[in-house]
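Now for the letters of each chain:
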Amino acid sequence: MEDRTQQMGGPNGGAVPPTVLGVPRTQMGVMPTQMGANPMQTVMQPPMSTLEVECIPGNRYAMAPEVSREHALVVLKASGQQLGRRAPINICLCIDRSGSMEGEPLEYVKRACDYVVDMLEPNDILSIVTFEEQVDVLMPARRIVNKALVKEHIHRLEVGNTTNLYDGLMAACMQIASVMPQTPGYVHRVLLLTDGEPTAGLKDYNSIVQQVAEQKTKGISVTALGFGSEYNEELMAGIARRSGGNYYYIQRPDLLPEVYRRELETLMTIVAKNVRVRFLLSRWAQVRQVYGQQPAFGPRTVEVTVPDIERGTVRTVLAEFELDRHPPGTFRVARVEVTYDDVVNNRTERAGADCVLEFTNDRSLLAANVNQIVRNELEIAQASQNLQRTMMGMRTQQMTAMGALQELQRTRTVLIQAGQADRAREVEAAMQTIQSGGDVEKTIVGTIYNLDQGKHK
Amino acid sequence: MSHLDPTRAMPPTGSPAAESAAVAPIAGAVGVTQQMPATGLGGDAYRTQLGATITCPVCKATTPVSETYCGDCGFLLASAGAEPIEVPAEETPAAELVDMADGRRYRLREGINTLGRQGTDVLVNEGTVSRHHARIVVENGQVTVEDLGSSNGTKVGDRRIPPNQPTPAVHGMPLKFGNWRVTLEIAGAGPVPTPGAAEPTVAVPASERTQMAEASQAQPAPEQPTGPMVATLQKIEGPSDDIPVYTGTMTIGRRAGNTVSLPKDPYISGRHATIVTDNTGTYLIDEGSTNGTVVNGQRLAPGERQLLLEGDEVQLGQSRYRFVFSEQAPVEGAPPASAEAAALQNGAEPLPDEGEAGDEASA
């Protein structure tokens, strides 16, 4: 296990920056390993909540006599301390073994599965589903007793014909669900790998993504691993987005084992799942938008779901408010309520924060009190929107390669200034791909996805 | 992570202990002057002293004393001073788009409103709506919709409109931007009570309210005066116009749903005052309004019944009025001046002496 850090640069071969993987975190080496943790050690820890919540307005002041717009940032901060044992995981490896996976790709997939098997602990549950035209349950959900035997099964994998992604995904979710009653407190996740467009079964975006959204309501998330240059990045990012999983773009087969390992490490450090952020709005306050999200609007409430949160990470949710005229004075424009399943103590927890603004008639107070943290987040959110626009411009050919390069350069600068070095590097990689005449959409979709996740180290 | 340091965050809110200590004395101070209900004469003061609830000096909502902020408007309760707080009027939108799927309302201003997925006035989170999809212009209750060359088009009613051509749309019409379906509601048109006029709007009688919009139906029906007009609050100065006074109970406030709604005056509370006229006289009662009700320079305590006499000077919000009884005696069987007056005359009961109904309605 300690050789992990040594392998960091390895599979990338130095030539490809690690960030083209689209991996949300790159500095795995600094993360505490939890696998050998002694649960008895943590019993003595004073009780503290897994998530700290705060709400930062974009400006402490707002103009009282006029209708104004203001941003507010909700910061969810997961403690870096290990408060207990990690949550056991219940994962299904859902693997595309269509004809195009023949050769190197499938060999690396097998190696990736080996990694996963090695990393699992006795409490974890694994299932393996493969799909081509048909769907096969290679291994039903169970705890792994004999690792060698499981690997032997994996190595018998052979390629088939078409890509029935929908049925493969459904079979994987069924495997997860089949053991859910016996596995409360587990992190349930499908790792979906595909290298192509769905060519059999239900193929359209809406059917697939809607099914994924339904699985999410049952507590199953899907991490979408897109491999090679032929898969549908909109579909894969859509699957990840709707289910709160991660999205990875894997350019070369030799990167597969590394990506699987990283995703597993991510899952093993999840401390809060089913995270929901709810804005309870005061009179004279509305939410116009929540960046990168499809909020549910209710009467004076706005709710968004946030992907699972890992130990020692920060997630942000950026909302834009419209504020009616107020009398001068201090007002809470929204109460922010966060609910989540704490996987450490296996309870549903609540946390909250107030979004408080002072309404004033003095315009000079506004100019002097712009919050830089929120401003920074807004620039990141706008960078994501710029990337979407650039991508659409290229796709519809309304934007030339030169125009796209200029736009990307601008976005890259913004990202560097906003402290998003990893994302900036991805944009740089996209620029290089354009210059060499390659397809950049998969990289850009990955960057947009990661920006919209609001994740910080 | 350092740039998200929580210690650099928020205005201080203090510890729970400090908060309740700060709020407790306020509860008494605010409660005594503000919390008396309209009908009681201090009967509830006892409860206020116990500190169970506090009435927000801004919006009049009741919140447990343990709370730091008003549960309705979010006002920091501990910051209430002795001065009454003037509440600006809620801006009435010139028109609104109502999402057919979830009922969410999107406000439209007088003038140009852009609609799209990014950076527009009306912000729609729906993939089939273009970033800059359409422009909606509202001018004096007239609405035009213009598609800005969107990918998935715009429909007004059943008709797909050509790009870059402003197309008129009327109240209640379905509109479709991409796959996003909304209903257009124009203020002052049809069912929506008109806030545009400067003169007070007397509520429409029940018989004419059958087609009220859903939003209006959700509100309690306005109090209907039962008898003939007996007097007038004649405007001396201010933004509002004369208020005719009828026998029975009339409510006055800024919101629609009052017998007399005064939407133009921001200093009028949503439910400001009540005028009750019976055969003993006409009484003015303040309903706990923010900026108060003043008779002959004396501010009324909330809930206090003040008998109005000929020539009394009454101040409601920014307007001052003179209370004047109607001079003409009602003509038996004479045709009423308007449908409103007709409805209001149902169950008329002529006053014994000075108060006599005329038909000058809301002239």
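The structure displayed is predicted, hence computed values, not measured ones.

## Looking at the overall build of chain A
The helix and strand inventory of chain A stands at 12 helices and 18 strands. By residue count, 50% of the 457 residues in chain A fall in the buried class. Counting contacts in chain A only where the partners sit at least 6 residues apart, residues at least 24 apart contribute 78% of the total.

## Side note on the interface of chain B and chain A
Counting residues at the interface gives 28 residues for chain B, matched by 31 residues for chain A. A per-class count over the side of chain B that touches chain A returns 16 nonpolar, 6 polar and 6 charged.

## A short note on the packing of helix H5 (residues 205-217) of chain A against helix H6 (residues 233-243) of chain A
All names here are of chain A. Put simply, H5 and H6 touch, their axes get as near as 8 Å, and they point 20° apart. In terms of orientation, H5 and H6 fall into the roughly parallel class. Between H5 and H6 lies a crossing of right-handed hand. Residue-level inspection shows Tyr205, Ile208, Val209, Val212, Ala213, Gln215 and Lys216 of H5 in contact with H6, the latter providing Glu234, Leu235, Gly238, Ile239, Arg242 and Ser243. The class makeup of the residues in the contact of H5 with H6 is 7 nonpolar, 3 polar and 3 charged.

## With respect to helix H9 (residues 372-395) of chain A
All names here are of chain A. Over its 24 residues, H9 extends 34 Å from the first C-alpha to the last, a length consistent with the 34 Å expected when each residue adds 1.5 Å. Buried residues of H9: Val374, Glu377, Ile380, Ala381, Ala383, Ser384, Leu387, Thr390, Met391 and Met394, and no others. Where the residues of H9 are buried, they touch strand E1 (51-57), strand E3 (68-78), strand E15 (314-323), helix H10 (401-417) and helix H12 (441-452). With its phi angle positive at about 60°, Gln397 sits one or two positions after the end of H9.

## Regarding the sheet that holds strand E8 (residues 142-147) of chain B
All names here are of chain B. Ordered in space as E6-E5-E7-E8-E11, the 5 strands form an open sheet in which the pairing is mixed. Strand pairing shows two members of the sheet lacking a second neighbour, strand E6 (122-123) and strand E11 (167-169), which therefore form its edges. Bridge analysis of strand E7 (residues 134-139) against E8 gives 6 bridges, and the strand direction is antiparallel. Looking at the pairing, Val137 lines up with Thr144 of E8.

## With respect to unusual backbone geometry
Of note, Gln397 of chain A is a non-glycine position whose phi angle comes to about 60°, a positive value. Within the secondary structure, Gln397 of chain A sits in the loop between H9 and H10. Not every positive phi belongs to a glycine, and Asn296 of chain B is a case in point at roughly 50°. Of note, Asn296 of chain B is situated in the loop between strand E21 (293-295) and strand E22 (298-299).

## A look at the packing of H6 of chain A against H12 of chain A
Residues and elements named next belong to chain A. Look at H6 against H12: their axes get within 10 Å of each other, and the N-to-C directions meet at 15°. On the basis of their axis angle, the class for H6 and H12 is roughly parallel. The element H6 and its partner H12 pack so that their crossing is right-handed. Contacts between H6 and H12 involve Glu233, Glu234, Ala237, Ala240 and Arg241 from the first element and Glu441, Lys442, Val445 and Tyr449 from the second.

## Looking at the sheet that holds strand E4 (residues 89-96) of chain A
All names here are of chain A. With mixed pairing, 6 strands are arranged side by side in an open sheet as E6-E5-E4-E7-E8-E9. Of all the strands in the sheet, just strand E6 (135-143) and strand E9 (247-250) have a single pairing partner and so form its edges. Pairwise comparison of adjacent strand axes, ignoring direction, gives a mean angle of 15° for this sheet. With 7 bridges joining them, E4 and strand E7 (residues 187-194) adopt parallel strand pairing. Directly across from Cys92, in E7, lies its bridge partner Val190.

Parameters and conventions
- Residues numbered from 1 in each chain as written.
- Chains lettered and ligands numbered in written order.
- Predicted model: local features only at pLDDT ≥ 70, side-chain atom pairs only at ≥ 80, totals over all residues.
- Helix = DSSP H or I, 4+ residues; strand = E, 2+ residues; numbered from the N terminus.
- Buried ≥ 20, exposed ≤ 12 C-beta atoms within 10 Å, placed from the backbone.
- Contact = placed C-beta atoms within 7 Å.
- Nonpolar A, V, L, I, M, F, W, Y, C, P; charged D, E, K, R; others polar.
- Axes fitted to C-alpha atoms, helices over the stretch in contact; angles between N-to-C directions.
- Parallel < 35°, antiparallel > 145°, perpendicular 65-115°, else oblique.
- Left-handed = near helix turned anticlockwise from the far one by under 90°.
- Expected span 1.5 Å × (residues − 1).
- Pairing = 2+ DSSP bridges.

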